[in-house]
2 protein chains.
Amino acid sequence: MTEPLAPGAVIGILGGGQLGRMLSVAAARLGFRTHVFEPGAAPPAADVAHALTTAPYDDTEALRAFAEEVDVVTYEFENVPAEALDLIEAIRPIRPGREALAMSQDRLTEKNFLTRLGLTTAPFSAVNDADDLSLAIDQIGLPAILKTRRLGYDGKGQTRLTDPDHAEAALTTLAGAPAILEGFVAFEREVSVIGARGLDGAVACFDPGENVHADGILRTTTVPARLSAAQRSDAVLIAAQILNALDYVGVIGVELFVTEHGLVVNEFAPRVHNSGHWTQTGCVIDQFEQHVRAIAGWPLGDGTRHCDVVMENLIGDDIDLVPEIARTGAALHLYGKTEARPGRKMGHVNRITGRG
Amino acid sequence: MTEPLAPGAVIGILGGGQLGRMLSVAAARLGFRTHVFEPGAAPPAADVAHALTTAPYDDTEALRAFAEEVDVVTYEFENVPAEALDLIEAIRPIRPGREALAMSQDRLTEKNFLTRLGLTTAPFSAVNDADDLSLAIDQIGLPAILKTRRLGYDGKGQTRLTDPDHAEAALTTLAGAPAILEGFVAFEREVSVIGARGLDGAVACFDPGENVHADGILRTTTVPARLSAAQRSDAVLIAAQILNALDYVGVIGVELFVTEHGLVVNEFAPRVHNSGHWTQTGCVIDQFEQHVRAIAGWPLGDGTRHCDVVMENLIGDDIDLVPEIARTGAALHLYGKTEARPGRKMGHVNRITGRG
């Protein structure tokens, strides 16, 4: 399928979290229907999706039926099992494509790819056993972070290592999973670029946002980011380079460290990204619609930022602040999650801070 | 219920058209679920609603079940049968309330109400038979419009009368339905105010928009409207006066004629309004969220206009322009309707024309 999808077509979304929810709304705005595939019960996206399949990713019959009922498949998280993707891909196009997914599912593959592109990453070394780790510590130094190669999300599967004597214990927590040791980057700030690439190869990037994390979870994104004109341009060029190298279709989130020696690529996520939520308030066409446009084969939209925005995540008990926030001029986005567990993203708030 | 609804609560919507669709999206954004009640098959709102009841308005069992499953009931059109409302109201609050609905369901009642408030309307006279009509023509003059008192929408149930000899034939087309004869108003332009009133009595109005109709259907709304500061203030005060007089809760659309003698009230609709769609692009909080906030007992949002917008309806075959519009920087909103009948509202486009 290379023709643009006509309104009325069905977009399949793997994963029913808040990203799937906001993708569903954007898809509806363009006249598309969405079908969400999600193993968990009562997913946030179900409230605004046309159809929902509740089944695990190894339910081949459910996956096949899902793929046959939709026109294109996308995903809201990058850890979809490869077998599920193989099955779907034989029936319908998956966008963004498998290469981007494979890269982002494996930290080592991702970092090797970025290095091949000539981009700077944190120093890293593959760790499969205690010997590897010992060598890696010698090479990279401490403190460093030991990360599983796969399944990282919001700081899970990561151990900070400060003392070589703790190396063995750290390795034990990974239970033999292949890992990398990653050196720390002395950075001034962290920014991200939400980029998009259309089916026609056109690339458009939103303004870089400046991110603040706490406990491995994004707390705020501020636009504009404090960047020089050259840094801003570099950031966008890096995102474009990654998009083109992957023959990418859809929205990508590229996280960058700003250092005195230039920009260092932290990682990318082949999907709409928490640090792009500000676009809902700051742009006529937000990251969710941009992603839908790309995977539907539509022209990319105008992502010009028309105001300055601070996006703040509402995490866990932050949800209790909603009545107070509702009294302000801020734009509230709640995800319809009933239980406010610690660390759980319950919603976000976009505040306009200037005219852009 | 006078406590604010908590996220997770269910908002019942009578009617599943595009207004119900956009209300559903706004409700989801605040963490609410929606349950749509609609007699027709595959309504636009169903794509983004949590639940759908497909049943006619005289299905008392379905209405009762619907009312019991939701926390508050609102509607996207004003011609809900009174019996259905009676049944629902015994179970759950209906917002906006019955008085506003009764007013807007009957052109004579509405005009009498507006006159009692001291507001100016077009000259009008009740018409129940040929004698009434003859007297009305003498009093108001021709040309004039003969309108049924009830069930008017998008120019339906209206006959333009230019020749007294055609009076009898015009009356015949109404098949004995109670009617009014309405004189023409020599107006410079037509504007509308989208106002909102909270459960706490707070009133907030969006900037007036300037409307252009063709064949009785809204084509474009432009903000800002060409109004003097005094006219702008008058327009907002009129809307506020109506809202307060009706002890209204929710969003109202008030249509006004701008004449050399001041503003003349054409009619009001006790719901979100086509002429308020520009707020999706021009304001942080749009008319749909404002309505949801009001009926949920939340504080009204900030409806400040941050840019100039032209909203254009996509009617019937206009839908064929979508690929072209998608290449511009405009914000597209499609309603998911499969069949593009002449006169059918298929979507709308918001174009930013300035910085507000």
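Not measured: the values here are computed from a predicted model. (Residues numbered from 1 in each chain as written. Chains lettered and ligands numbered in written order. Predicted model: local features only at pLDDT ≥ 70, side-chain atom pairs only at ≥ 80, totals over all residues. Heavy atoms only, no water.)

1. Topic: the pairing of strand β11 (residues 209–214) of chain A
All names here are of chain A. To keep things clear, this is the line we draw: DSSP bridges decide pairing: two strands pair if at least two such bridges lie between them. Put simply, DSSP H or I for four residues or longer makes a helix, DSSP E for two residues or longer makes a strand, and each gets a number counted from the N terminus.
Across 3 bridges, the pairing between strand β9 (residues 189–197) and β11 is antiparallel. Along β11, the bridge assignment pairs E190 with N211. In sequence, β11 turns back onto strand β12 (residues 217–223) through a hairpin of 2 residues, with D215 there showing a positive phi of about 50°.

2. Re the sheet that holds strand β4 (residues 72–75) of chain A
Strand pairing within a sheet occurs via backbone hydrogen bonds; the two strands may be parallel or antiparallel. All names here are of chain A. Counted only if it meets this: Note on geometry: axes are lines fitted to C-alpha atoms, helical ones only across the stretch in contact, with angles between N-to-C directions running from 0 to 180 degrees.
Spatially, β3-β2-β1-β4 is the arrangement adopted by the 4 strands of the open sheet, whose pairing is parallel. Where the open sheet ends on each side, the last strands, each with one partner, are β3 (51–54) and β4. Across the sheet, the mean angle separating the axes of adjacent strands is 20° when strand polarity is ignored. Bridge analysis of strand β1 (residues 10–14) against β4 gives 4 bridges, and the strand direction is parallel. Looking across to β4, one finds that L14 is bridged to Y75.

3. Some words on the relation of the copies chain A and chain B
Here the two chain copies are tied together by a rotation about an axis and a shift along that axis. To keep it simple, the criterion reads: In superposing the copies, a least-squares fit is computed on C-alpha atoms, taking residues whose pLDDT is at least 70 in both. Any two residues having at least one pair of non-hydrogen atoms within 4.5 Å are treated as being in contact.
At an RMSD of 0.0 Å, chain A and chain B line up after a rotation of 180° and a shift of 0.0 Å along the axis. With respect to symmetry, the two chain copies, as superposed, fit the operation of a two-fold axis. No C-alpha of chain A lies nearer the rotation axis than that of V48 of chain A, which sits 1.9 Å from it. Both copies contact each other with a shared surface, as 100% of the interface residues of chain A are interface residues in chain B too.

4. As for the environment of Y57 of chain A
All names here are of chain A. Counted only if it meets this: Here a polar contact is recorded for every N or O atom pair within 3.5 Å, except that within protein the pair must consist of a potential hydrogen donor and a potential acceptor, and residues adjacent in sequence are included only if both atoms are side-chain atoms.
You can see Y57 is positioned in the loop between β3 and α2 (60–69). C-alpha separation for the pair Y57 and T34, spaced 23 residues apart in sequence, amounts to 18 Å. Those residues in contact with Y57, other than ones at most four positions away along the chain, are L14, G15, F37, P39, L63, F77, V80, P81 and A84. Within polar-contact distance, the side chain of Y57 engages the backbone nitrogen of G15 at 3.3 Å.

5. Quick notes on the pattern of salt bridges
Residue and element names in this part refer to chain A. What counts, and what does not: The term salt bridge refers to a side-chain nitrogen of Lys or Arg lying within 4 Å of a carboxyl oxygen of Asp or Glu. Note on classification: 1.4 Å probe, protein chains only; a residue is buried when its accessible area is under 20% of the maximum for its type, exposed when over 50%, partly exposed between these limits.
In total, this model carries 38 salt bridges over all chains according to the counting rule given. The salt bridge involving R197 is made with D247; its shortest N-O contact spans 3.0 Å. Of this pair, R197 sits in strand β9 while D247 sits in the loop between α8 (229–245) and β13 (250–259), and the two are 50 residues apart along the sequence. When its relative accessible area of 9% is taken as the criterion, R197 is described as buried. For the salt bridge of R305 with D207, the shortest nitrogen-to-oxygen distance reads 2.8 Å. Highlighted residues: R305 in the loop between α10 (287–295) and β15 (308–315) and D207 in the loop between β10 (203–205) and β11, separated in sequence by 98 residues. Exposure remark for D207: the relative accessible area of 25% places this residue in the partly exposed category. Among the charged side chains, a salt-bridge network with shared partners connects R29, D286, E289 and R293.

6. Some points on the interface of chain A and chain B
Defined as follows: Two parts lose some accessible area (1.4 Å probe) when they are put together, and adding that loss for both gives the buried area. Gly counts as polar in this scheme, as do all residues outside two lists: the nonpolar Ala, Val, Leu, Ile, Met, Phe, Trp, Tyr, Cys and Pro, and the charged Asp, Glu, Lys and Arg.
The partner chain B presents 35 residues to the 35 residues of chain A that form the contact. Of all residues in chain A, D47, V284 and R355 of chain A bury the most surface against chain B, accounting for 18% of the area lost on that side. If you look at where chain A meets chain B, you find 2 salt bridges. R33 of chain B is the partner of D47 of chain A in a salt bridge, and the nearest nitrogen-oxygen pair spans 3.4 Å. One can count 13 residue pairs in polar contact (both at pLDDT 80 or more) joining chain A with chain B. Those elements that provide at least two residues to the side of chain A that touches chain B are α1 (18–29), α11 (322–326) and β16 (331–334) of chain A. Classifying every residue of the side of chain A that touches chain B gives 19 nonpolar, 8 polar and 8 charged.

7. Details of empty space enclosed by the protein
We apply this condition: Cavities and pockets are found on a 1 Å grid laid over the protein atoms alone: a cavity is a set of points where a 1.4 Å probe fits but cannot escape, a pocket is an open set with protein on both sides within 12 Å along at least five of seven lines, and a lining residue has an atom within 4 Å of such a point. Grid points are joined across faces, edges and corners, and a volume is the space filled by probe spheres set on the points.
According to the stated counting rule, one finds 1 cavity of 30 Å³ or more in the structure shown. Of the pockets and cavities examined, the largest cavity occupies roughly 760 Å³. Residue assignment for the lining of the largest cavity shows that the elements contributing at least two residues are α1, α9 (279–282), α10 and β16 of chain A together with α1 (18–29), α9 (279–282), α10 (287–295) and β16 (331–334) of chain B. Of the residues assigned to the lining of the largest cavity, the class counts are 21 nonpolar, 8 polar and 8 charged.

8. Quick look at the packing of α1 of chain B against α10 of chain B
Residues and elements named next belong to chain B. To keep it simple, the criterion reads: When describing relative orientation, an angle under 35 degrees is termed roughly parallel and one over 145 degrees roughly antiparallel, while 65 to 115 degrees is termed roughly perpendicular and anything else oblique. Left-handed is the label given to a crossing in which the near helix is rotated counterclockwise from the far helix by less than a right angle, and right-handed is the label when the rotation is clockwise.
Taken N-terminus to C-terminus, the directions of α1 and α10 make an angle of 65°; their axes are 8 Å apart at the nearest point. The pairing of α1 with α10 is recorded here as roughly perpendicular in orientation. The interaxial crossing formed by α1 with α10 has right-handed handedness. Every residue of α10 that contacts α1 at L19, M22, L23, A26, A27 and R29 is listed here: F288, E289, H291 and V292. Counted by class, the contact of α1 with α10 contains 7 nonpolar, 1 polar and 2 charged residues.

9. Thoughts on the state of the cysteines
All names here are of chain B. Defined as follows: Note on terminology: pairs of cysteine sulfur atoms within 2.5 Å are recorded as disulfides.
Throughout the structure, instances matching the rule amount to 0 disulfides over all chains. With no disulfide of its own, C205 lies 12 Å from the sulfur of C283, the closest cysteine sulfur. Overall, C205 belongs to the partly exposed group, its relative accessible area being 24%. No disulfide involves C307; its sulfur sits 7.8 Å from that of C283, the nearest cysteine. Overall, C307 belongs to the buried group, its relative accessible area being 3%.

10. Observations regarding the sheet that holds strand β8 (residues 179–183) of chain B
Residues and elements named next belong to chain B. Pairing is antiparallel in the open sheet, where 4 strands are placed in the order β5-β8-β6-β7. The open sheet has two free edges, formed respectively by β5 (124–127) and β7 (158–161), since each of these has just one partner strand. Taking the axes of each pair of neighbouring strands and ignoring which way they run, one obtains an average angle of 25° across the sheet. Pairing of β5 with β8 involves 4 bridges; the strand directions are antiparallel. Pairing of S125 across the sheet is with L181, part of β8. In the packing of helix α5 (residues 107–116) onto the sheet, contacts are made with β5, β6 (144–148), β7 and β8, and the angle to β5 comes to roughly 145°. Helix α6 (residues 130–140) contacts β5, β6, β7 and β8 of the sheet and is inclined by roughly 170° relative to β5.

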